[in-house]
Amino acid sequence: MQYNMANRKTSKSRVSSDKYSVLLPTYNERENLPLIVWLLVKYFGESGYDYEIIVIDDRSPDGTLEVAEQLQNIYGADKIILRPREKKLGLGTAYIHGIKHATGNFVIIMDADLSHHPKFIPEFIQKQREGGFDLVSGTRYSGDGGVYGWDLRRKLISRGANFLTQVLLRPGASDLTGSFRLYKKEVLGQLVKKCVSKGYVFQMEMIVRARQLGYSIGEVPITFVDRVYGESKLGGNEIVSFLKGLLTLFATT
Ligand code: GDD
Ligand code: MN
């Protein structure tokens, strides 16, 4: 009994020292960045978790970085960390770059265009704590999850990519191409070392590798709302490289 109490105490004090590093890759997100940052500050503030927001801008021509600098002035350099790169180098490597600078013991990866709502983050954190999960993945394809605002073409691409990956690799998670996730930092580090892909296929490879390495995965249903400002960077090239990446994984794992 006493032993239990003591145990509970230590785990509680460890819990309160948790820190969450949010990675926000941006390319032409000038209109979206102030709102996403404001929402993040709001939800983290309300829930009381320690956090930092790392903006990885690839020299966006629309001046996203200048906006990020203003946000840093408003919210403080301990909360908003800027880790820009020289040019557009792709989404996968943007995460890898961001992780290097993360000081939290957990890392949250999400889009900066408001398709991923920060209101789900407390649910991710709760889920992680309940099950001690190595990673928690937001899912559009289970429970109350869903997608809003996409045209049929985009829905088919996403469903198709998920379906193909499910059939070929059977990774046992419902949303493989989604990119709203929470990772234990050391788990993310291990996964990144194993991942070979650089573009959008990165998300899918991460979860497939996570399963292979025996990491535990929790899921939280999320609604993905298509962006209002700016446009998606997912073009035909990204789709071709997704298919290539999927086949490479199928052949090599
Ligand atoms: N730094 C950097 N460099 N950021 C980038 C780059 C890049 O080369 N390409 C895209 N981003 C940023 C965008 O600014 C945005 O914050 C986020 O990455 C997602 O990019 P979008 O262009 O909005 O992606 P999407 O909405 O088409 O695709 C979403 O859904 C896909 C699956 O359904 C993303 O969540 C994808 O990761 C996901 O695979
Ligand atoms: Mn988007």
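Residues numbered from 1 in each chain as written. Chains lettered and ligands numbered in written order. Predicted model: local features only at pLDDT ≥ 70, side-chain atom pairs only at ≥ 80, totals over all residues. Heavy atoms only, no water.

Per an unreviewed UniProt entry, the chain carries the name Dolichol-phosphate mannosyltransferase subunit 1 and comes from Paramormyrops kingsleyae. Under Subunit (unreviewed entry), UniProt gives the following word-for-word description of the chain: "Component of the dolichol-phosphate mannose (DPM) synthase complex." Its UniProt record, at the heading Function (unreviewed entry), says of the chain: "Transfers mannose from GDP-mannose to dolichol monophosphate to form dolichol phosphate mannose (Dol-P-Man) which is the mannosyl donor in pathways leading to N-glycosylation, glycosyl phosphatidylinositol membrane anchoring, and O-mannosylation of proteins; catalytic subunit of the dolichol-phosphate mannose (DPM) synthase complex." (UniProt positions renumbered as here; feature names shortened; annotations may be inferred.)

**Quick notes on helix H8 (residues 201–212)**
When the terminal C-alpha atoms of H8 are compared, their 17 Å separation across twelve residues agrees well with the 16 Å that a helix rising 1.5 Å per residue should span. Across the twelve residues of H8, ten count as buried, placing the element largely inside the fold. Taken as a whole, H8 has its buried residues at Val201, Phe202, Gln203, Met204, Glu205, Met206, Ile207, Val208, Arg209 and Ala210. Just beyond H8, the residue with positive phi is Gly214, at close to 80 degrees. (Helix = DSSP H or I, 4+ residues; strand = E, 2+ residues; numbered from the N terminus. Expected span 1.5 Å × (residues − 1). Buried < 20%, exposed > 50% of the residue type's maximum accessible area, 1.4 Å probe, protein only.)

**Notes on the site of ligand 1**
Residues in contact with ligand 1 amount to 27 residues; listed here are only the nearest, Glu29, Asp111, Ser179, Ser232 and Lys233. Taking Asp58, its side chain carries an N or O atom lying 2.7 Å from a nitrogen atom of ligand 1. In this structure, Lys233 approaches ligand 1 through a main-chain N or O atom, which is 2.6 Å from an oxygen atom. Burial of ligand 1 by the surrounding chains reaches 98%, relative to a free accessible area of 740 Å². Those elements that provide at least two residues to the shell around ligand 1 are strand S1 (19–26), helix H4 (91–100) and helix H6 (152–169). (Near = heavy atom within 4 Å. Polar contact = N/O pair within 3.5 Å; in protein donor to acceptor, adjacent residues only side chain to side chain. Areas by Shrake-Rupley, 256 points an atom, 1.4 Å probe, with all protein chains shown as cover.)

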